[in-house]
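Coordinates in review
Spelled out, the chains give:
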Amino acid sequence: MSRRVRSLSKLISVAKPCLLNQADAGIVSQTRSPTINFVLGGPGVGKGTQCARIAETYGFTHLSVGDLLRKDISSNSVYGDMILETITKGKIVSSEVTVILLKSAIESSQTDRFLIDGFPRSEENRVAYEQLIGIEPEVVLFFDCNEEEMMKRVLHRNQGRVDDNIDTTKERLRVFEAYSLPVIRYYSQKGKLHKINATGTEDEIFKRLRPIFAT
Ligand code: C5P
Ligand code: MG
């Protein structure tokens, strides 16, 4: 077993009983059973923009996992340096850290319908989520677009992000193919995946989502 898998198993064995003990106050309880939808797609594909519109139109809370990680860096947490280094390299942050941040964001929200943007980014993310949160997603959106267009969109946006440059984005595209595509295949096999053509204008892309959410 790799060191990473061992440390994740250890974390889960410690955290899971706590989660179960907290069931009444936690994420899943008799009074609280949140709806979870995942939103996946490569860098620059427009997940954040579309999630904001879906959230506003169809009544969801939008949680961008990239934003949660960036907030953790700015809050000077113990993980801040490691997260910054990982994001700067275009790699994936350890699932134990990411899932704990996500769990805490869901628990502290007053709402019960979530769009989780940029997660699960890898099979490791997915397994850690199942162990520590375990709420089956209803819908998994996959925004699909060619790499050339994604690179163009990343380099055109100007949000001051450390990872919006050519070299890091090439690595993010490689990581997307190697680690996120298996997650997309997993949910496709489960019949949960909705693949959305993410080329065209913001409005055109948003209209393609209506059959999924306007029910
Ligand atoms: O989704 P977004 O493009 O904001 O993610 C930015 C970066 O945050 C990713 O390239 C990755 O380094 C990190 N991230 C992660 N695990 C996630 C989501 C984001 O490591 N589940
Ligand atoms: Mg984003």
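Residues numbered from 1 in each chain as written. Chains lettered and ligands numbered in written order. Predicted model: local features only at pLDDT ≥ 70, side-chain atom pairs only at ≥ 80, totals over all residues. Heavy atoms only, no water.

Counting through the fold element by element, Asn37 comes out in strand β1 (residues 35-41). Among the residues examined, Asn37 registers a relative accessible area of 3% and is labelled buried. Of note is the side chain of Asn37, whose polar atom sits 3.1 Å from the backbone nitrogen of Val139. Leave out the neighbours within four places in its chain, and Asn37 touches Phe60, Phe114, Leu115, Ile116, Glu138, Val139 and Phe213. (Helix = DSSP H or I, 4+ residues; strand = E, 2+ residues; numbered from the N terminus. Buried < 20%, exposed > 50% of the residue type's maximum accessible area, 1.4 Å probe, protein only. Polar contact = N/O pair within 3.5 Å; in protein donor to acceptor, adjacent residues only side chain to side chain. Contact = heavy atoms within 4.5 Å.)

Take the pattern of salt bridges next. Summed over all chains, the structure comprises 19 salt bridges. The residue Asp163 makes a salt bridge to Arg172 at a minimum N-O spacing of 3.7 Å. In this structure, Asp163 and Arg172 share a single accessibility class: buried. What you see here is one network of salt bridges that share partners, running through Arg157, Arg161, Asp163, Asp164 and Arg172. (Salt bridge = Lys/Arg side-chain N within 4 Å of Asp/Glu carboxyl O.)

With that settled, the discussion passes to the pairing of strand β4 (residues 139-144). Buried residues dominate β4, accounting for five of its six residues. When β1 meets β4, the two strands line up parallel, connected through five bridges. Its bridge partner being in β4, Phe38 is matched across the sheet by Val140. Bridge count for β4 against strand β5 (residues 193-197) is five bridges, and the pairing is parallel. Following the sheet pairing, Leu141 is matched in β5 by His194. (Pairing = 2+ DSSP bridges.)

So, about the sheet that holds β4. Taken in spatial order, the five strands line up as β2-β3-β1-β4-β5 in an open sheet, and their pairing is parallel. Edge positions in the open sheet fall to β2 (61-64) and β5, since each of these has one partner strand only. For this sheet, the mean inter-axis angle between neighbouring strands, taken without regard to orientation, is 20 degrees. Looking at chain direction, β1 and strand β3 (residues 113-117) are connected through five bridges and run parallel. (Axes fitted to C-alpha atoms, helices over the stretch in contact; angles between N-to-C directions.)

All right, on to helix α4 (residues 80-89) then. Given 3.6 residues per helical turn, the α-helix brings residues three or four places apart onto the same face. Among the residues making up α4, those that are buried are Gly80, Ile83, Thr86 and Ile87. In a view along the axis of α4, the buried residues occupy a sector of 135 degrees, so they form one face of it. Here the buried face of α4 lies against α3 (65-74), α5 (95-108) and α8 (166-189). Count one or two residues on from α4 and you reach Gly90, which has phi positive near 80 degrees. (Arc of directions from axis to C-beta.)

Let us now look at the site of ligand 1. Lining the immediate environment of ligand 1, one finds 15 residues, of which Arg70, Lys91, Val93, Gly118 and Arg121 sit closest. Between ligand 1 and the protein, one listed contact pairs a nitrogen atom with a backbone N or O atom of Gly118 at 3.0 Å. In the model, a nitrogen atom of ligand 1 is placed 3.1 Å from a nitrogen or oxygen of the Asn125 side chain. Considered on its own, ligand 1 offers 450 Å² of accessible surface; in the complex 96% of this is hidden by protein. (Near = heavy atom within 4 Å. Areas by Shrake-Rupley, 256 points an atom, 1.4 Å probe, with all protein chains shown as cover.)

All told, the structure shown has nine aromatic pairs when counted by the stated rule. Positioned above the aromatic ring of Phe60 is the side chain of Arg113, whose terminal nitrogen or guanidinium carbon lies 4.1 Å from the ring centre. The cationic tip of Arg126 hangs over the ring face of Tyr186; the distance from NZ or CZ to the ring centre is 3.5 Å. (Phe/Tyr/Trp six-rings, centres within 6.5 Å; stacked < 30°, edge-to-face > 60°. Lys NZ or Arg CZ within 6 Å of the ring centre and 35° of its normal.)

A few words now on the confidence of the model for the protein chain. On average, residues of the protein chain score 91 in pLDDT, and 87% of them reach the 70 mark or higher. pLDDT under 50 marks residues 14-25. Its contacts with residues more than four places away, or in other chains, come to 14 contacts. (pLDDT = per-residue confidence, 0-100.)

Time to look at the packing of α3 against α4. Two elements in contact, α3 and α4, have axes whose closest approach is 8 Å; the angle formed by their N-to-C orientations is 130 degrees. Of the possible angle classes, the one that applies to α3 and α4 is oblique. Every pair of crossing elements has a handedness; the one defined by α3 and α4 is left-handed. Here Leu69, Arg70, Asp72 and Ile73 of α3 lie close against α4, whose contacting residues are Gly80, Ile83, Leu84 and Ile87. (Parallel < 35°, antiparallel > 145°, perpendicular 65-115°, else oblique. Left-handed = near helix turned anticlockwise from the far one by under 90°.)

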